[in-house]
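Chain by chain, the residues run as shown.
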Amino acid sequence: MTSVDGSRRELILRVATSLFAALGYDSTSASQVAEAAGLSVEALGEEFGSKRELYLEIMEREYRAERASLTKALEGISAVTPEQTALVVHRIVDHYIDFCVAHPEFPSLWMHRWLADASDVTELERKYIQPQIDLVSSVITPAMEAGYVDADVDMKYAFWSVVWCVHGFCQGGVLDWEGNRQDAEDPVVLRRFRAYLHQMIHRVAALPGPPPSP
């Protein structure tokens, strides 16, 4: 069996991404991936060699997609005034919400790692998280040094708070007053979450003017 476009490799990547995101790397076997793809374990091995190599390629691909999205979001803007600093910060927030909503497997894969999934696969954070932190820092640090952001604010933790909130929202949603789960598929719920996150980062960083409307 092959995927619609004839790419067995692409089919395996799609299926494995879904399984790793849903169950975690440790709880997903190579035979499960092969069965879900309608292939033999031998065919899986021909394409990737091992489950570990398959996982590494998936994480590399997820990183490249998020990196391209973040780079595009920051294209053509710089934090050279207080107002532009606010624009940059809020654009980063919007980028991360939009990317994680469009690619729900991304926050799920990383949340599994936060729970010690694939702990024998080292260096992923250094390879795929640190470059994103460095990119955001390269844009925000000059504004902080110029005094456009409250000097008492720990912006690293502020942005990590955005990551934690977005991942939690994408995976768990929120409960309404009757205890029913609401998530990003509801545009009203997503808009309310976006407004809250903009308000939170705006106030934490003491940015000028009002936070943007969702």
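Residues numbered from 1 in each chain as written. Predicted model: local features only at pLDDT ≥ 70, side-chain atom pairs only at ≥ 80, totals over all residues. Heavy atoms only, no water.

This next bit is on helix H6 (residues 105-114). Of all ten residues in H6, eight are buried, a share of seventy percent or more. Three or more residues of H6 are buried, namely Glu 105, Phe 106, Pro 107, Ser 108, Leu 109, Trp 110, His 112 and Arg 113. Structurally, H6 contributes buried residues whose contacts are with helix H1 (8-23), helix H4 (51-73), helix H5 (82-102), helix H7 (124-145) and helix H8 (155-172). Of the residues trailing H6, Ala 116 is marked for its positive phi of about 75°. (Buried < 20%, exposed > 50% of the residue type's maximum accessible area, 1.4 Å probe, protein only. Helix = DSSP H or I, 4+ residues; strand = E, 2+ residues; numbered from the N terminus. Contact = heavy atoms within 4.5 Å.)

Scanning the model with the defined rule gives eight aromatic pairs in all. A ring pair is formed by Tyr 25 and Tyr 55, whose centres lie 4.5 Å apart and whose planes are at 45°; its orientation type is tilted. Taken together, the residues span a long stretch of sequence, with Tyr 25 in the loop between H1 and helix H2 (30-37) and Tyr 55 in helix H4 at a distance of 30 residues. Comparing Tyr 25 with Tyr 55, the two get one shared label, buried. Of the aromatic side chains, those joined through ring pairs into one cluster are Phe 20, Tyr 25 and Tyr 55. For Arg 9, the ring lying beneath its charged end belongs to Phe 48, and the centroid distance is 4.2 Å. Between Lys 51 and the ring centre of Tyr 25, over which it is positioned, the NZ or CZ distance is 4.1 Å. (Phe/Tyr/Trp six-rings, centres within 6.5 Å; stacked < 30°, edge-to-face > 60°. Lys NZ or Arg CZ within 6 Å of the ring centre and 35° of its normal.)

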